[in-house]
Amino acid sequence: LEGMFKLSSWLGCSEFTPLVALELVSDTKEEAITWLLQRIRDKQRNGGAELLVEQLRPGLGVQEKQNPNLFLIGASLQRLLSGAEDLGLFKEFNDGSMRGFTCTNKQNFKDFQGDGDGFLSVAECQYIIKHELDTLRAKDESHVPGHTQAKLYPGKSIIRRLLSKGIMVQMFPLHQKEELKRLTFSWYKKVKLSLQPLGKIQCNYEGQALYFGFLEYFTFALIPMALIGVPYYLFDWDDYDKYVIFAVFNLIWCTVILELWKRFSATLAYRWGTLSRKKAFEEPRPGFHGVLGFNPVTGREEPLYPNAKRQLRVYCVSLPFVLLCLYGSLYVMMIYFQMEGWALSLHDEDPTFWTGVLLFIPSIIYAVVIEVLNLIYRYAAEFLTEWENHRLESSYQNHLILKVLVFNFFNCFASLFYIAFVMQDMVLLRQSLATLLITSQILNQFMEAFLPYWLQRRRNKKMMRRVTKMRTQEDKELPIEEQVRLEADMSTYLGTFDDYLELFLLFGYVSLFSCVYPLAAVLVLLNNITEVYSDAFKMCRVFKRPFSDPASNIGVWQLAFEAMSVIAVVTNCALIGMSPQVKAYFPESDMQLILWTVAIEHGLLAVKFILTFLIPDVPKPIQIQLAKLEFESLEALKKKVNTWGMFSVI
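Residues numbered from 1 in each chain as written. Predicted model: local features only at pLDDT ≥ 70, side-chain atom pairs only at ≥ 80, totals over all residues. Heavy atoms only, no water.

The protein is annotated in an unreviewed UniProt entry as Anoctamin from Neogobius melanostomus. Per UniProt, the protein carries the Sequence similarities (unreviewed entry) text "Belongs to the anoctamin family." What UniProt records for the protein under Subcellular location (unreviewed entry) is the sentence "Membrane". (UniProt positions renumbered as here; feature names shortened; annotations may be inferred.)

**Some details on the packing of helix α8 (residues 209-234) against helix α18 (residues 519-542)**
Relative to each other, α8 and α18 sit at 155°, their axes nearing to 6 Å. In this view, α8 runs roughly antiparallel relative to α18, as classed from their interaxial angle. Crossing hand, α8 versus α18: left-handed. On α18, the residues touching Y211, F212, L215, F218, T219, L222, I223, M225, A226, V230 and Y233 of α8 are L519, A521, V522, V524, L525, N528, I529, E531, V532, D535 and M539. Tallied by class, residues from the contact of α8 with α18 come to 18 nonpolar, two polar and two charged. (Axes fitted to C-alpha atoms, helices over the stretch in contact; angles between N-to-C directions. Helix = DSSP H or I, 4+ residues; strand = E, 2+ residues; numbered from the N terminus. Parallel < 35°, antiparallel > 145°, perpendicular 65-115°, else oblique. Left-handed = near helix turned anticlockwise from the far one by under 90°. Contact = heavy atoms within 4.5 Å. Nonpolar A, V, L, I, M, F, W, Y, C, P; charged D, E, K, R; others polar.)

**Quick word on the sheet that holds strand β3 (residues 70-74)**
Overall, antiparallel pairing links the four strands, which are arranged β2-β3-β1-β8 in an open sheet. On the outer flanks of this sheet lie β2 (52-55) and β8 (168-173), each paired with one strand and no other. Averaged over neighbouring strand pairs, the angle between their axes works out to 20° when direction is ignored. Taken together, the five bridges between strand β1 (residues 20-24) and β8 define a ladder with antiparallel strand orientation. (Pairing = 2+ DSSP bridges.)

**Section: unusual backbone geometry**
The residue E50 is not glycine, and still its phi comes out positive at about 55°. Assignment of secondary structure puts E50 in the loop between α2 (30-41) and β2. Positive phi, normally seen in glycine, also occurs at N389, with a value near 65°. Mapping N389 onto the fold places it in the loop between α12 (361-387) and α13 (393-423).

**Overview of the nonpolar core**
If you look at the biggest cluster of nonpolar residues, it comprises 99 residues, and the most contacted ones within it are W187, W253, F413, F507, F513 and W557. Once residues lying within four places of it in the same chain are set aside, the contact partners of W557 are I401, L405, F497, Y500, L501 and F504. Membership of the second largest hydrophobic core comes to 46 residues, among which are L87, C103, I129 and M168. (Core = buried A, V, L, I, M, F, W, Y, C linked by side-chain atoms within 4.5 Å. Buried < 20%, exposed > 50% of the residue type's maximum accessible area, 1.4 Å probe, protein only.)

**Observations concerning the pairing of β1**
Remember that side chains alternate between the two faces of the sheet whenever the strand is regular. The element β1 is largely enclosed, with a buried count of five among its five residues. By the alternation rule, side chains of β1 split into V20, L22 and L24 and A21 and E23, which are all buried. When β1 meets β3, the two strands line up antiparallel, connected through four bridges. Residue pairing across strands places L22 opposite F71, the latter belonging to β3.

**So, the pattern of salt bridges**
Within the structure shown, the criterion is met by 15 salt bridges. The shortest N-O distance in the salt bridge between D95 and R99 comes to 3.0 Å. The exposure class of R99 is buried, given its relative accessible area of 16%. With a closest N to O distance of 3.4 Å, E259 and K262 form a salt bridge. Residue E259 and its partner K262 are both found in helix α9 (residues 241-271); the two are separated by three residues, about one turn of the helix. The class for K262 is buried, based on a relative accessible area of 14%. One connected set of salt bridges, linked through shared partners, spans E259, K262, E562 and D617. (Salt bridge = Lys/Arg side-chain N within 4 Å of Asp/Glu carboxyl O.)

**Describing α13**
For α13, with 31 residues, the first-to-last C-alpha span of 43 Å sits near the 45 Å given by 1.5 Å per residue. Of all the bends found along α13, the most pronounced is centred on F413 and spans about 45°. Positive backbone phi, approximately 50°, marks Q424, located one or two places after α13. (Expected span 1.5 Å × (residues − 1). Bend = angle between axes of the 7 residues up to and from the residue.)

**Structural notes on a nonpolar patch on the surface**
A surface patch of nonpolar side chains, amounting to about 930 Å² of accessible area, comprises F353, W354, V357, F360, I361, I364, I365, V368, V372 and I376. Put simply, the parts of the chain that give the nonpolar patch at least two residues each are α11 (353-358) and α12. With six residues, the single largest contributor to the nonpolar patch is α12. You can see V368 is positioned in helix α12. Under the relative-accessibility criterion, V368 is labelled partly exposed at 34%. (Patch = residues over 30% accessible without salt bridge, like charges linked within 9 Å, V, L, I, M, F, W, Y side chains within 5 Å. Areas by Shrake-Rupley, 256 points an atom, 1.4 Å probe, with all protein chains shown as cover.)

**Thoughts on the environment of L292**
By the element assignment, L292 lies in strand β9 (residues 291-294). By relative accessible area, L292 is classed as partly exposed at 38%. Remark: the alpha-carbon pair of L292 and P303, spanning 11 residues in sequence, is separated by 4.3 Å.

**With respect to the packing of aromatic side chains**
Per the stated rule, a full pass over the model turns up 33 aromatic pairs. Between Y377 and F407, the ring centres sit 4.1 Å apart and the planes meet at 15°, which makes this aromatic pair stacked. Of this pair, Y377 sits in helix α12 while F407 sits in helix α13, and the two are 30 residues apart along the sequence. As far as the burial class goes, Y377 and F407 line up, both buried. Plain terms: the ring middles of F504 and F561 are 5.8 Å apart, the flat faces sit at 85° to each other, and that makes the pair edge-to-face. Of this pair, F504 sits in helix α17 (residues 497-513) while F561 is found in helix α19 (residues 556-577), placing the two residues 57 residues apart along the sequence. Note on accessibility: F504 and F561 belong to one class, buried. Positioned above the aromatic ring of F547, the side-chain terminus of K130 is 5.7 Å from the ring centre. (Phe/Tyr/Trp six-rings, centres within 6.5 Å; stacked < 30°, edge-to-face > 60°. Lys NZ or Arg CZ within 6 Å of the ring centre and 35° of its normal.)

**Digging into the packing of α17 against α19**
Taken N-terminus to C-terminus, the directions of α17 and α19 make an angle of 15°; their axes are 8 Å apart at the nearest point. Viewed along their axes, α17 and α19 adopt a mutual orientation that is roughly parallel. For the crossing formed where α17 meets α19, the hand is right-handed. Where α17 abuts α19, its residues F497, Y500, L501, L503, F504, F507, G508, S511, L512 and F513 lie against W557, A560, F561, M564, S565, I567, A568, T571, N572 and L575. Considering only residue class, the contact of α17 with α19 consists of 15 nonpolar, five polar and no charged.

Quick look at the structure:
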């Protein structure tokens, strides 16, 4: 692994490449440390992980007390290759197809040269090591040595137990310094109008690359909306025909881009080898608790929690709480309309420049309150979802996403729906949409770009002194001890949840009501461009490097965006039906207008679902490659079965 830190000079071994750092609490018992290191080093046949591990020595010239229990973990090249085979990593074959890696067939893979050095990316190596550590199982130990309160159960993950009992502080992958320099230069240090280096991003941040791919795709998809929106905005907006035409284009746009994204996503996932990768068996979350019993699937002893009790918590506590929060959001919205009415009355009595400015103040205050409510609710939703005690991380994430999406959608868009379809005031709708969108973007840029960096400086001045030292000595190698402790002090990356949520809300602003404010697409486009640079900076400089979490698609967020596009069809059809030009065709019967609007809306939804069915999610060439791979796997299995049959006969 070219460019990684070499510790041979002070570890006394010929070659050791640290890939992962593991930190235990400073008061961990010596016997617990010895036991854990032994289990990590033990051969696989003895129940160990067969990895290389050494303790990090104290930093040079440091006066303050440091935690001595920081350990560096690596692996031999052969161990990494066997781990890649165990995980079923897909790599490019000589014929250009993506196939599961096997050591026996390694010479037939495209980039495998010599002994295989450089064949696996650093992110893949770290993912393999994390998997091996996570699958390190307790044997006959009743508890962690020296910590009688930390009970162990045969077959259960040791690492997860150490985390849940607070013995382990953290485990994180290390940055590769030279590769990080090249990535930052091509990603965000040069301001240029070009594509992101998704290949390099995937090699360093495999789990987050699909998010950056979606961010880039969404940004380019906004260009047609922005190009059409600017001239529309520059003309006289009293003519309602412009709303109707733009709304029709909006309907087509929000349907087509999501269908094309699924194909682009499948192409990226296939190229990165995650489209056909098998999901590992999901272990219980570290925070999951219950009465000790036997898992009927694995046969292992582990905590069990009645599903009926969990459902009671969901429907009798969480659901009423969410409804109460929605009512609170509705109450805040009515206060906003009272403030809006008060500002309007002042302007009508005395129409001056200052009373004109005052008209925007209620919307700005309301936009700030929306962001504050979203933040408070997020913490409450996390607490409730944790309290529901979900066994699996995927179940926990799905319940959390559902809670947050429902509240954020209602909190952000309820006032716009009220103005559009109850008040039917298009001027106020345009003003409110513009104010909410601009204010939320300013707040998000502050929260995402400036606040994390400022908090990092405030929390850890020592770390920032080291960063300054790095910047003033760019050509000098930072000692490995300093580099690891520097990264250990960085904030932990919490995943792409908030990033996808922000894009979901921005997609809502564009697809739902941009026909009355066509500059919405322009503002979101500019926001996304700055988002690329701020997210890149945070990934490289503010947060610890996250472990890979390979994904074949964006998961439940795809359903969320598609649900938003369905709502957009209904909303835009209703706006078209409210236009004076359309109403002129039904001068005597409002009921006929409503029926025609509903009929057209149902027809468009039918067309949308037909398009979903007709446009395949996976491009045809990739479908053929996957089918060939499946056929060859079945043929190989048949040969194995026939061979075993011949031996059994003999």
